[in-house]
Amino acid sequence: MHLNWATVASLATAAGTLVLAVATFAAVRSANQAARTAEHSLLTALRPLFVPSRIQDDVQKVLFVDGKWLKVPGGCAAVEAENGVIYLTMSLRNVGSGIGIILGWCFYPDWDPARSRPELDDFHPQTRDIYLPAGDVGFWQAAFRDQDDPQYDEACKTVTSRGQMTVDILYGDHEGGQRVITRFGLMPRGDEAWLLTAGRYWNVDRPDPRDRPS
């Protein structure tokens, strides 16, 4: 039997090319997986997550642009109507591993944790950049100053009657990504303070875990 060495060489070359292609595919796949893992780890390290601060956390003094000060205890909100202005502030804790920046807020004159997620266009923008450091306490603040605002009258009524209310906070990492919406409930306590609770969380820039198949 005579061997056709040209054919043998061609087959050997083809086999070697196939092996190289398989090895290259495996290397590229492994590199892509490593890159995704590294990216996920980086994003996790930058990700903030806001919750109500603890009752034992220190009282914070919050200054508004008009010189008004409000004191807000740990685990609480402070709300006040004065001289036609409705002041709102909450004591928060960032339990995430990254610095958080507050981007906007929505107000509701009741507490309904089952209310659907607000659209991004529904949020009032923050006129002051408020950062919360990772693993530490901070605050949120806002005010109704325009009496022509459609929500002004209902906000004033809710505050003066000491009713329950809801504030949705839109925030993200310090680069403006990984945005999250957290729904906070304000529950009257005593004559001045409102206890703070968190009801719902929504991811804006990432898949929502509730949408994943079980």
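Our structure's up above, just so we're on the same page.
Quantities reported herein were computed from a predicted structural model and do not represent experimental measurements.

Colleague: Looking at this structure, I do not really get the pattern of salt bridges. What am I missing?
Modeller: Side chains that carry opposite charge are capable of pairing whenever their charged atoms lie near each other. Counted by the stated rule, this structure contains eight salt bridges. Between Glu-80 and Lys-68 there is a salt bridge, and its shortest N-O distance comes to 2.6 Å. Of this pair, Glu-80 sits in strand E4 (residues 76-82) while Lys-68 sits in the loop between strand E2 (60-63) and strand E3 (69-72); the two residues are twelve residues apart in sequence, bridging distant segments of the chain. Residue Lys-68 is classed as buried on the basis of its relative accessible area of 13%. Residues joined by salt bridges that share partners form a network here, namely Arg-54, Asp-57 and Arg-93.

Colleague: Got a minute to help me understand the environment of Tyr-152 in this structure?
Modeller: Here Tyr-152 is to be found in helix H2 (residues 152-160). Take Tyr-152: its relative accessible area is 7%, and that puts it in the buried class. Along the primary structure Tyr-152 and Gly-84 are separated by 68 residues, whereas in three dimensions their C-alpha atoms are 9.7 Å apart. The residues contacting Tyr-152, other than those within four sequence positions of it, are Gly-84, Val-85, Ile-86, Phe-144, Asp-146 and Gln-147. Side-chain polar atoms of Tyr-152 contact the backbone oxygen of Gly-84, separated by 2.8 Å.

Colleague: I keep staring at the side chain of Gln-178 and nothing clicks. Help me out?
Modeller: Of note, Gln-178 is situated in the loop between strand E9 (165-173) and strand E10 (180-189). When its relative accessible area of 6% is taken as the criterion, Gln-178 is described as buried. Polar contacts involving the side chain of Gln-178 include one to the side chain of Arg-47, which spans 2.8 Å.

Colleague: Can you help me understand unusual backbone geometry in this one?
Modeller: Excluding glycine, a negative phi dihedral is what most residues carry, and trans is how most peptide bonds are arranged. Notably, Asn-83 is not glycine yet its phi reads approximately 55 degrees, a positive angle. Relative to the helices and strands, Asn-83 resides in the loop between E4 and strand E5 (85-94). Positive phi is not limited to glycine here, since Gln-178 has a value of about 50 degrees.

Colleague: What am I meant to see in the packing of aromatic side chains here?
Modeller: The description of two aromatic rings rests on the distance between their centres and on the angle between their planes. Within the structure shown, the criterion is met by five aromatic pairs. Between Phe-64 and Tyr-87, the ring centres sit 4.9 Å apart and the planes meet at 70 degrees, which makes this aromatic pair edge-to-face. Remark: Tyr-87 occurs in strand E5 and Phe-64 occurs in the loop between E2 and E3; sequence separation between them is 23 residues. Neither residue differs from the other here; Phe-64 and Tyr-87 are each classed as buried. The interplanar angle of 80 degrees and the centroid separation of 5.4 Å between the aromatic rings of Trp-105 and Phe-144 together place this pair among those described as edge-to-face.

What counts, and at which threshold
Residues numbered from 1 in each chain as written. Predicted model: local features only at pLDDT ≥ 70, side-chain atom pairs only at ≥ 80, totals over all residues. Heavy atoms only, no water. Salt bridge = Lys/Arg side-chain N within 4 Å of Asp/Glu carboxyl O. Helix = DSSP H or I, 4+ residues; strand = E, 2+ residues; numbered from the N terminus. Buried < 20%, exposed > 50% of the residue type's maximum accessible area, 1.4 Å probe, protein only. Contact = heavy atoms within 4.5 Å. Polar contact = N/O pair within 3.5 Å; in protein donor to acceptor, adjacent residues only side chain to side chain. Phe/Tyr/Trp six-rings, centres within 6.5 Å; stacked < 30°, edge-to-face > 60°.

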